[in-house]
Amino acid sequence: MKTFFKAIGNLFRKPVTIAYPEVKTYIPNDYRGLIGFDENLCIWCRRCEMVCPPGAIVFSQDMKGKQTYHFNRAVCIYCAECVRACPKEGAIYQTNEPAGFALKEENINNGWNSLFDEAIKSRAAYAAEKKRLAAEKAQTEKPGKSIAPGDEAASAENEK
Amino acid sequence: MGKQYEIPLGAQHISLLEPLHFKFTTENEKIISTDANVYYVHRGIEEACCTKFKFRQVSFVVGRVCGLCSISHSTAYSQVAEKLVNIEAPLRAKYLRMLVIELDRIHSHLLCLSHVAENAGFEALFMKTMQYREFSMEMLEAVCGNRIQYDFSIVGGVARDLKAEVAGMILQRLKTFLPQLDELVDIFQNNWTLSLKNKGAGAITREAAMRLNVVGPFARAAGLAIDVRNETEDLLPWKEVGFEMVTDTTGDVYARNMVRLRELYISIRIIRNIIASLPESALVTETKAFPDGEAVVRLEAPRGELFYYAKGNKTQMLERLKIKAPTFSNVAAMVEAFTGNEYGSAPAIIASYDPCLSCTSR
Ligand code: SF4
Ligand code: SF4
């Protein structure tokens, strides 16, 4: 009976719901949002890539050794493990900005998978090139000693 | 003997949120036997944890075993991994883990209660319970930075600290929540229509509960005083923060509701004590060691005892990880407790078991 009267009384009370888009819901200011990256501070140690559980960060490398940072907001789980692992404060940081949705054009799944593989390959290629150059140098310095062929597959495995 | 019918319920059903299949054999509306099938959502998480992820990353993976008790899984894993690398989490980290586990228990229990109300046909109470539950979600977001996947426990400690203003906010919101909880207790206890679907439904005796190894609020409602928080002190100091066992005697849906509601008062007390006596220390114990040997950990998740086993072999990857979720232990008793009930009560009974199939089949 009590519930019944209460229910009748509720007809004259203000609604308990909030008018959502106009009235904002509570979001803490240290909400775990997008990961930011500062190229100028980074020391390219790739530790963030190593600790990231889902593999949302990958570094590619061109033939001169310059590395580029790639981040996928759809793969990231916003755990901030990369921020904790980074030895250089401020190089990688967490903002409180929520991740936006992805458009079809972005090809965020397959595109990322191929980008990831290419990035790993580009690093392997750079490592192999470096090895070859070093071997060449060693040979010119000490003629007679044979060089080991730059084994791409082996170095690719090391990279992983 | 009348004519018997077999009625399936699930794996997709309007009153079931979980991919769970029951096959009831009924005779004139009365359930006389039940078959259960729970393995619809196998995701291969255990295997992935041993082949794809390094042991420090696994705490984030197991956090995704379940959306409701994410923190229980990641804490249990963190503890088992800490045993394997021979470290102990700092005291502050332990307290913060307990804080989040209890906040999580509040939201999980209220969710279960709201579903019991909904499945018993009491939509308004469902809405009300969900409305009151909202504060716990917001507080979890304030503490952990996210509403569901907390990613709070990491191997060695916790990822974030509790800020003073957040602690103040929790205390204040708990103060508004207490009268709301009293109101819920009143409705669940005294509402006549709800009692028709709850009192005496899905009952299980203490002996049967013991024989079938029931855990969690399901067991405590039947009078079986088992709670991991009462048994282990080494990993998380529960008694220090005011844990108390809650049991009931009848073992029916009503008793399970009451156990859950009364446990919320204990959770509130624990949270208050933790905030009042939060020790100062580091948040993480660092180590460079690799997991070695074997270890087990038990932890009281909102649904009962969660069990983790891990084996390391001095590499980054674990050799084996075994998770036993509370719902798995309860399946046998779930099947038994249906017997003799009306088919029409089945949805409310299922909701009162609080099954979590994504934990069970992983
Ligand atoms: S927040 Fe976590 S998932 Fe996202 S990039 Fe950093 S480590 Fe990876
Ligand atoms: S861990 Fe920090 S310094 Fe190292 S590569 Fe990542 S962002 Fe750069």
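Values in this document were obtained by computation on a predicted structure and should not be read as measured data.

Chemist: Please explain the overall build of chain B as it appears in this structure.
Modeler: Of regular secondary structure, chain B possesses 14 helices and eight strands. Relative to a compact globule of 362 residues, whose C-alpha radius of gyration would be 21 Å, chain B shows 20 Å and is just as compact. Oriented by its inertia axes, the alpha-carbon framework of chain B measures out at about 70 × 45 × 35 Å. Looking at chain B residue by residue over its 362 residues, the buried ones come to 61%. Here the contacts in chain B between residues at least 6 apart in sequence split such that 71% fall between residues at least 24 apart. For chain B, the accessible area works out to roughly 13,700 Å², and carbon and sulfur atoms hold 54% of it. Averaging the coordinates of the 41 positive side-chain charges in chain B and doing the same for the 42 negative ones gives two points 3 Å apart.

Chemist: Looking at this structure, how should I read the overall build of chain A?
Modeler: Across its full length, chain A holds five helices and four strands. Put simply, chain A runs from its N terminus to its C terminus through helices and strands in the order α-β-α-β-β-α-β-α-α. Counting the 160 residues in chain A, one finds 28% classified as buried. Accessible surface, chain A as shown: approximately 11,200 Å² in total, 57% of it carbon and sulfur.

Chemist: Is there a simple way to think about the packing of aromatic side chains in this case?
Modeler: Aromatic rings considered in pairs are described by the distance between their centres and by the relative angle of their planes. Residue and element names in this part refer to chain A. Scanning the entire structure with this criterion turns up 13 aromatic pairs over all chains. When the ring of F37 is compared with that of Y69, the centres are 3.8 Å apart and the planes differ by 10 degrees; the resulting orientation is stacked. Taken together, the positions of F37 in strand β1 (residues 35-37) and Y69 in strand β3 (residues 67-71) put the pair 32 residues apart, joining distant regions of the chain. One aromatic cluster in this structure is built from F37, W44, F59, Y69 and F71.

Chemist: Sorry if this is basic, but what is going on with the pattern of salt bridges here?
Modeler: Charged atoms that come close allow side chains of opposite charge to pair. Taken as a whole and judged by the stated rule, the model has 27 salt bridges over all chains. D30 of chain A is the salt-bridge partner of R160 of chain B, the closest N and O atoms lying 3.0 Å from each other. Taken together, the residues R160 of chain B in the loop between β5 (157-158) and α6 (164-190) and D30 of chain A in the loop between α1 (2-10) and β1 connect one chain to another. Accessibility expressed as a relative area gives 25% for D30 of chain A, which makes it partly exposed. Residue E46 of chain B is joined to K322 of chain B by a salt bridge in which the shortest nitrogen-to-oxygen separation is 3.9 Å.

Chemist: What am I meant to see in the site of ligand 1 here?
Modeler: Around ligand 1 lies a shell of 13 residues, among which C52, C76, C79, A80 and C82 of chain A are the nearest. Residue classes in the shell around ligand 1 are distributed as twelve nonpolar, no polar and one charged.

Chemist: Which parts of the structure should I look at to understand α6 of chain B?
Modeler: Residues and elements named next belong to chain B. End to end, α6 covers 39 Å across 27 residues, agreeing with the expected 39 Å (1.5 Å per residue, within 8%). At F177, α6 shows its maximal bend, which comes to roughly 30 degrees, and the proline P179 appears one to four places after that position. Regarding α6, the residues found buried are V166, A167, I170, L174, F177, L181, E183, L184, V185, I187 and F188.

Chemist: Can you help me understand the interface of chain A and chain B in this one?
Modeler: Think of interface size as the accessible area that goes away when the parts come together; that is how it is often given. Taken residue by residue, the interface counts 20 residues in chain A and 24 residues in chain B. At the boundary of chain A with chain B, total buried surface from both sides reaches about 1,800 Å², with 46% on carbon and sulfur atoms. Area buried by chain A at its contact with chain B is led by Y26, R32 and P53 of chain A, which between them contribute 35% of it. Here chain A is connected to chain B by three salt bridges. Breaking the side of chain A that touches chain B down by element, the ones donating at least two residues are α1, α2 (47-51) and α3 (81-85) of chain A. Sorting elements by how many residues they give to the side of chain A that touches chain B places α1 of chain A first, with three residues.

Chemist: What should I look at first to understand the site of ligand 2 in this one?
Modeler: Ligand 2 sits among 13 residues. The nearest are C42, C45, R46, C48 and C86 of chain A. Here the residues of the shell around ligand 2 sort into eleven nonpolar, no polar and two charged.

Chemist: How should the sheet that holds strand β7 (residues 304-313) of chain B be read in this particular structure?
Modeler: Strand-to-strand pairing in sheets goes through backbone hydrogen bonds, with the strands running parallel or antiparallel. Residue and element names in this part refer to chain B. If you walk across this open sheet you meet the three strands as β6-β7-β8, and the pairing is antiparallel. Lying at the two open borders of the sheet, with one neighbouring strand each, are β6 (292-301) and β8 (318-324). Strand-to-strand, the axes of this sheet are offset by a mean angle of 10 degrees, without reference to chain direction. Taken together, the six bridges between β7 and β8 define a ladder with antiparallel strand orientation.

Chemist: Is there a simple way to think about helix α5 (residues 123-144) of chain B in this case?
Modeler: For an α-helix, the turn length of 3.6 residues means that residues three or four places apart are oriented alike. Residue and element names in this part refer to chain B. End to end, α5 covers 31 Å across 22 residues, agreeing with the expected 32 Å (1.5 Å per residue, within 8%). Bending of α5 peaks at approximately 25 degrees at the position of R133. Downstream of α5 by one or two residues, G145 has phi in the positive range, about 90 degrees.

Chemist: Which parts of the structure should I look at to understand unusual backbone geometry?
Modeler: Peptide bonds are trans in most cases, and residues, glycine excluded, mostly fall at negative phi. One non-glycine residue, Y78 of chain A, adopts positive backbone phi at about 60 degrees. Assignment of secondary structure puts Y78 of chain A in the loop between β3 and α3. You can call Y78 of chain A buried: its relative accessible area is 13%. Unlike most non-glycine residues, K314 of chain B shows phi in positive territory, near 65 degrees. Checked against the element boundaries, K314 of chain B lands in the loop between β7 and β8. The exposure class of K314 of chain B is exposed, given its relative accessible area of 58%.

Chemist: Which parts of the structure should I look at to understand the sheet that holds strand β2 (residues 21-27) of chain B?
Modeler: All names here are of chain B. In space, the three strands of this open sheet follow the order β1-β2-β3, with antiparallel pairing throughout. Both edges of this open sheet fall to β1 (4-9) and β3 (30-37), since each of them pairs with a single strand only. Along the sheet, successive strands turn relative to each other by an average axial angle of 20 degrees, direction set aside. Where helix α12 (residues 326-338) meets the sheet, its contacts fall on β2 and β3, and the angle it forms with β3 comes to roughly 160 degrees.

Quick notes on the rules
- Throughout this description, residue numbers start from 1 for each chain and increase along the sequence as written.
- As they are written, the chains are lettered A onward and the ligands numbered 1 onward, keeping that order.
- Whole-chain, interface and lining totals are the exception, using all residues; otherwise, since this is a predicted model, local features are given only for residues with pLDDT of at least 70 and side-chain atom pairs are given and counted only at 80 or more.
- Processing note: side-chain calculations cover all non-hydrogen atoms of the structure and skip hydrogens and water entirely.
- A run of H or I in DSSP counts as a helix once it spans at least four residues, and a run of E counts as a strand once it spans at least two, with each numbered from the N terminus.
- All radius of gyration figures rest on C-alpha atoms, and the globule criterion is 2.2 Å times the number of residues raised to 0.38.
- The buried label applies to any residue whose accessible area, calculated with a 1.4 Å probe on protein chains only, is under 20% of its type's maximum; exposed applies above 50%, and partly exposed to all values in between.
- We call two residues in contact whenever any of their non-hydrogen atoms come within 4.5 Å of each other.
- All accessibility values rest on the Shrake-Rupley procedure with a 1.4 Å probe; residue burial counts only the protein chains present in the view.
- The charge count treats Lys and Arg as positive and Asp and Glu as negative. His and the chain ends do not count.
- The atoms used to mark charge sites are NZ of Lys, CZ of Arg, CG of Asp and CD of Glu.
- Note on ring pairs: Phe, Tyr and Trp rings are taken, using the six-membered ring of Trp, and paired if centres are within 6.5 Å. Classes follow the plane angle, with under 30 degrees stacked, over 60 edge-to-face and the rest tilted.
- A pairing counts as a salt bridge when a side-chain nitrogen of Lys or Arg comes within 4 Å of a carboxyl oxygen of Asp or Glu.
- One heavy atom within 4 Å of a molecule or strand makes the whole residue count as near it.
- Each residue is assigned to one class: nonpolar for Ala, Val, Leu, Ile, Met, Phe, Trp, Tyr, Cys and Pro, charged for Asp, Glu, Lys and Arg, and polar for all the others, Gly among them.
- The span expected for a helix works out to 1.5 Å for each residue beyond the first.
- To obtain the bend at a residue, axes are fitted to the seven residues ending there and to the seven starting there, and the angle between these axes is taken.
- Values labelled buried area give the accessible surface lost by two parts on being combined, using a 1.4 Å probe and summing over both.
- Pairing between strands is defined by DSSP: at least two bridges between the two strands are required.
- Each axis is a line fitted through C-alpha atoms, and for a helix only the stretch in contact is used; angles between axes span 0 to 180 degrees, taken between their N-to-C directions.

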